[in-house]
Amino acid sequence: MIAEIIQYNEFNNNYSAKVENNILIVFTIKNETSLRLGELIEVDLSTILQDKFIISKTNQEIIPIELSKNDLHKLSELPVHGGSRAPDDID
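This is a predicted model, so every value here is computed, not measured.

A few points about the packing of aromatic side chains
Link 1 in the chain: Tallying each qualifying case throughout the model produces two aromatic pairs.
Link 2 in the chain: Where tyrosine 15 meets phenylalanine 27, the ring centres are 5.8 Å apart and the plane angle is 20 degrees; that geometry is what we call stacked. Of this pair, tyrosine 15 sits in strand E2 (residues 14-19) while phenylalanine 27 sits in strand E3 (residues 23-29), placing them 12 residues apart in sequence.
Link 3 in the chain: What makes phenylalanine 27 buried here is its relative accessible area of 1%.
Link 4 in the chain: These aromatic residues form a ring-pair network of at least three members: Tyr8, Tyr15 and Phe27.

What to know about the side chain of asparagine 14
Link 1 in the chain: For asparagine 14, the position within the fold is in strand E2.
Link 2 in the chain: Contact partners of asparagine 14, with chain neighbours within four places excluded, come to Gln7, Tyr8, Asn9, Val26, Phe27 and Thr28.

Some details on the environment of glutamate 39
Link 1 in the chain: By the secondary structure assignment, glutamate 39 is in the loop between E3 and strand E4 (40-42).
Link 2 in the chain: If near-sequence neighbours (up to four positions away) are discounted, glutamate 39 is found in contact with Ala3, Glu4, Ile5, Ser56 and Thr58.

Each value, and the rule that gives it
The residue numbers shown here count from 1 along each chain, following its written sequence. Side-chain atom pairs in this predicted model are given and counted only at pLDDT of 80 or more, local residue features only at pLDDT of at least 70, and totals for whole chains, interfaces and linings cover all residues. To get the side-chain values, take all heavy atoms of the structure and skip hydrogens and water. In this scheme Phe, Tyr and Trp rings, the latter by its six-membered ring, pair at centre separations within 6.5 Å, and the angle between planes marks the pair as stacked below 30 degrees, edge-to-face above 60, and tilted otherwise. Only runs of H or I of at least four residues qualify as helices and only runs of E of at least two qualify as strands under DSSP, and these elements are numbered from the N terminus. Exposure categories follow from relative accessible area, calculated using a 1.4 Å probe and restricted to protein chains: below 20% of the type maximum is buried, above 50% is exposed, and the middle band is partly exposed. Note on contacts: a residue pair qualifies if any of its non-hydrogen atoms lie within 4.5 Å across the two residues.

Shown next, in the form of structure tokens:
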């Protein structure tokens, strides 16, 4: 699936990307690669937690990332204090 980089948090050194199906992914890049706001990446939501990489659509670079299940957020669900918007199924 295609996702767009929508935020970079310099303090935490992490990126947020919104996937076409309204899933938000928050991740840290494990090498020296950097992404730009608006840049498109390719993600496989069914394996991202195991494989831990994304692909830049700009240059087809495979980029290693760090993330956990709590770094995936289903934006169609309302946030609940102390709750999680981590999707039960990822497609």
